[in-house]
Amino acid sequence: MSTDGLGTQPSATTYELEDLVAQAWQGRVRVPHFQRDFRWGSQDVVRLFDSIIKGYPIGSLLLWVRHSGAEPVTLGELRIAAPEGENTFWVVDGQQRITSIANALHPEGNRHSLFSVHYDLKAQKFVDRPRVMEDYYIPLPILFDLVELIDWFSDSGRGAREYFPVAQRVAKMLRQYKIPAYLVRQDDEEVLTDIFDRMNNFGKRLSRAEIFSALFAGPEEGSAHRLSLSRIAERVDTQTGFGLIDANTVLHSILARRGSDPMRDIRGEFADGDRRVTSDFPGESQESAYAESEAALVRAVAFLQRDAGVPHLSLLTYKALLVVFVRFFAHFPEPTERNRTLLRRFYWRAAVGGPTVFKGSFTQMSRILCALVRPGHEEASVQELLKSMDRSVREIPSAVRFRTNEAVGKIILCSWWWLQPRSPLTGERYGQNDLSELLAEQSTAALAVHRFFPRGARDVQQLWAAARLFIPSPTESLEGFLGAVTRPSVYLNGREWLDMLTSYCLDMNVVSLLDLGRRDDFLRARQEIIENNLDVFLNRMTEWKFEDTAPLDSFDMDEWTESGE
């Protein structure tokens with residue numbers, strides 16, 4: 001580790017809140033691109049102002065003082081045409097606080113629900129987004145501006161004049177509240193990211209991806225055009241419609257592509273001399289690593305969608321498996337058809353029985369499985385992945401408990417997608433684009449899943465998969481769907497209508513029970529169909545009873561000798 005640090009110790013000072021806010025509104029306070037996104041909720045903002053008015057300390061700021069050019073600046077919901085300046089403040093620590101204060105006190109920022117804070121003059125407390133606007137609720141921008149404050153109380157129709165002394169006192173406390181700050185004057189951006197890392201890696205809950213992004217952010221100039229974890233996720237979604245992969249999974253995918261342990265230390269990732277383990281791609285630049293990892297992610301997602309029958313991220317049982325496939329498709333971009341089939345078996349065997357093998361530790365799942373993917377040995381890698389599931393459970397999971405955010409629920413959803421759901425009006429199959437448009441960036445498939453009986457079914461039956469209907473369409477409503485299902489469309493012939501029913505685990509008998517209002521009988525009959533379909537689907541996908549041998553023409557005696565065969 002380098003012993004170089006700051007040539008000059010940061011200077012300590014304090015700012016009155018009024019002065020700091022004015023500088024923020026003028027564009028003299030900016031957020032470096034390596035900072036995480038704004039993550040506070042409205043209650044966090046309310047608590048911040050409550051601390052201020054009580055005189056509690058809210059922590060010091062760490063501000064990087066540097067020259068900055070004229071450019072548009074975004075601070076929360078504020079869009080500022082910032083001028084050029086020699087002593088601009090770049091927030092290394094304190095972004096959430098400065099952004100909250102500057103937005104809640106600004107007329108434009110306060111319009112947005114996250115920063116819509118008011119002061120309850122009667123109860124003498126801050127509140128967010130009042131549902132009923134009483135006369136004694138005063139918006140923070142008015143409370144903060146003396147001229148606006150006087151005008152507000154001068155309104156002849158307002159019934160809160162008795163609270164003017166309270167408002168004056170609170171306004172004064174806000175404006176004069178003192179915030180301590182450390183000012184760093186340093187041209188070396190690596191020193192700043194090192195400080196950011198140290199401040200946020202001890203006692204604070206930044207994600208691993210956020211630390212990684214800060215460490216390898218690069219210079220401020222040109223940041224808008226460089227790949228980042230979030231930009232990779234957006235580009236993969238654009239290309240595949242798979243949904244927005246979270247930053248931690250993108251990071252682990254990058255690490256898995258470059259080495260067998262995606263959970264390794266990240267600090268020396270792009271400095272080969274500092275790495276404890278040799279990279280699979282020595283000398284590779286960060287830019288190239290990001291680009292190649294994006295390409296491997298796209299190939300892995302395409303495999304899941306086309307071969308494994310997992311159309312969207314919200315139907316992926318374990319993200320650890322996506323990381324493993326990224327490593328595989330990074331080293332073997334075009335595997336043989338036989339190996340693609342074997343990989344499909346591996347995915348579904350791991351989806352069903354993986355937790356029993358890894359005892360629920362998904363960190364261990366990705367670490368152990370990634371180590372089985374050996375660069376240059378495609379067949380051996382596939383065989384090792386399959387063997388890792390030899391001790392896995394081979395039972396069909398129960399469909400009596402359905403949750404869209406649980407692995408079993410996602411398995412059931414994939415079995416429903418496999419039936420190729422169709423429009424009850426036209427008989428046309430819903431496609432990947434329909435599902436992607438509906439779910440977009442959703443982390444679960446809840447928007448596509450509806451309850452047959454929101455009220456009236458017995459509690460135990462409400463949990464059954466039979467009580468749910470999977471409609472992968474952004475335009476179809478439940479009411480319209482049920483009406484069309486129970487009354488054949490004039491656009492469908494008898495065969496087409498039966499095919500449509502089958503695609504939802506329905507048949508004529510089950511539909512008649514639904515039409516007659518026989519809920520218990522309907523749910524029991526449909527549950528049997530769902531369980532039979534799940535059994536067929538998983539046996540088709542896992543092929544537990546089939547031989548897993550590699551294609552004969554792929555055998556390499558030297559390779560198999562090395563792998564212990």
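Below or above, wherever it landed, is the structure these notes cover.

The rules we used
- Position numbers for residues count from 1 along each chain, tracking the sequence in the order it is written.
- Under the rules for a predicted model, residues below a pLDDT of 70 receive no local features and side-chain atom pairs below 80 are neither given nor counted, while totals for whole chains, interfaces and linings still include all residues.
- Water and hydrogen atoms were dropped before computing side-chain values, which therefore reflect all heavy atoms in the structure.
- For two strands to be treated as a pair, DSSP must find at least two bridges joining them.
- Numbering of helices and strands runs from the N terminus; a helix is a DSSP stretch of H or I covering at least four residues, while a strand is a stretch of E covering at least two.
- Classification of residues uses two cut-offs on accessible area relative to the type maximum, computed with a 1.4 Å probe and protein chains only: under 20% is buried, over 50% is exposed, and between them is partly exposed.
- Two residues form a contact once any of their heavy atoms are found within 4.5 Å.
- Fitted lines through C-alpha atoms give the axes, limited to the stretch in contact for helices. The angle between two N-to-C directions lies from 0 to 180 degrees.
- Put simply, two rings from Phe, Tyr or Trp (the six-membered ring, in Trp's case) pair if the centres are within 6.5 Å, and we call them stacked under 30 degrees between planes, edge-to-face over 60, tilted for the rest.
- Remark: a charge is flagged as sitting over a ring if the NZ atom of Lys or the CZ atom of Arg is within 6 Å of the ring centre and within 35 degrees of the ring normal.

Focus: the pairing of strand S10 (residues 178-184)
Next, step 1: Inspection of the sheet shows strand S1 (residues 11-16) paired to S10 by six bridges, in the antiparallel sense. In the strand pairing of S10, Tyr15 is matched with Ile179.
Next, step 2: In this sheet, S10 lies alongside strand S3 (residues 61-68) in parallel orientation, the contact comprising four bridges. By the bridge assignment for S10, Leu62 is matched with Tyr182.

Overview of the environment of Glu479
Next, step 1: Following the sequence through the fold, Glu479 ends up in helix H19 (residues 478-486).
Next, step 2: Residue Glu479 is classed as exposed on the basis of its relative accessible area of 62%.
Next, step 3: Considered as a pair, Glu479 and Arg401 are 78 residues apart in the sequence and their alpha carbons are 24 Å apart.

Section: the sheet that holds strand S2 (residues 29-30)
Next, step 1: The strand order S1-S10-S3-S6-S2 describes an open sheet built from five strands, whose pairing is mixed. Of all the strands in the sheet, the pair left with one neighbour each is S1 and S2.
Next, step 2: Note that S2 and strand S6 (residues 85-93) share two bridges and pair parallel. Residue pairing across strands places Arg30 opposite Trp90, the latter belonging to S6.
Next, step 3: Together, S1, S2, S3, S6 and S10 form the strand contacts of helix H1 (residues 17-25), whose direction differs from that of S1 by roughly 95°.
Next, step 4: Across the sheet, helix H3 (residues 95-104) is in contact with S2, S3, S6 and S10; its angle to S6 comes to roughly 115°.

Quick notes on the packing of aromatic side chains
Next, step 1: All chains considered together, the criterion is met by 26 aromatic pairs.
Next, step 2: Considering the side-chain rings of Phe212 and Phe216, the 4.8 Å spacing of their centres and the 50° angle between planes classify their relative orientation as tilted.
Next, step 3: Residue class for Phe212 comes out buried when judged on its relative accessible area of 0%.
Next, step 4: According to the relative accessible area criterion, Phe216 is buried, its value standing at 15%.
Next, step 5: The ring centre of Phe89 lies 5.5 Å from the NZ or CZ of Arg28, which sits over that ring.
Next, step 6: A cation sits over an aromatic face here: Arg526 above Trp416, 5.7 Å from the ring centre.

Thoughts on the environment of Glu334
Next, step 1: Inspection of the secondary structure puts Glu334 in the loop between helix H12 (319-331) and helix H13 (337-358).
Next, step 2: Among the residues examined, Glu334 registers a relative accessible area of 72% and is labelled exposed.
Next, step 3: Between the alpha carbons of Glu334 and Phe346 there is a distance of 17 Å; along the sequence they are twelve residues apart.

Remember that the coordinates give geometry; whether it matters functionally is a separate question.
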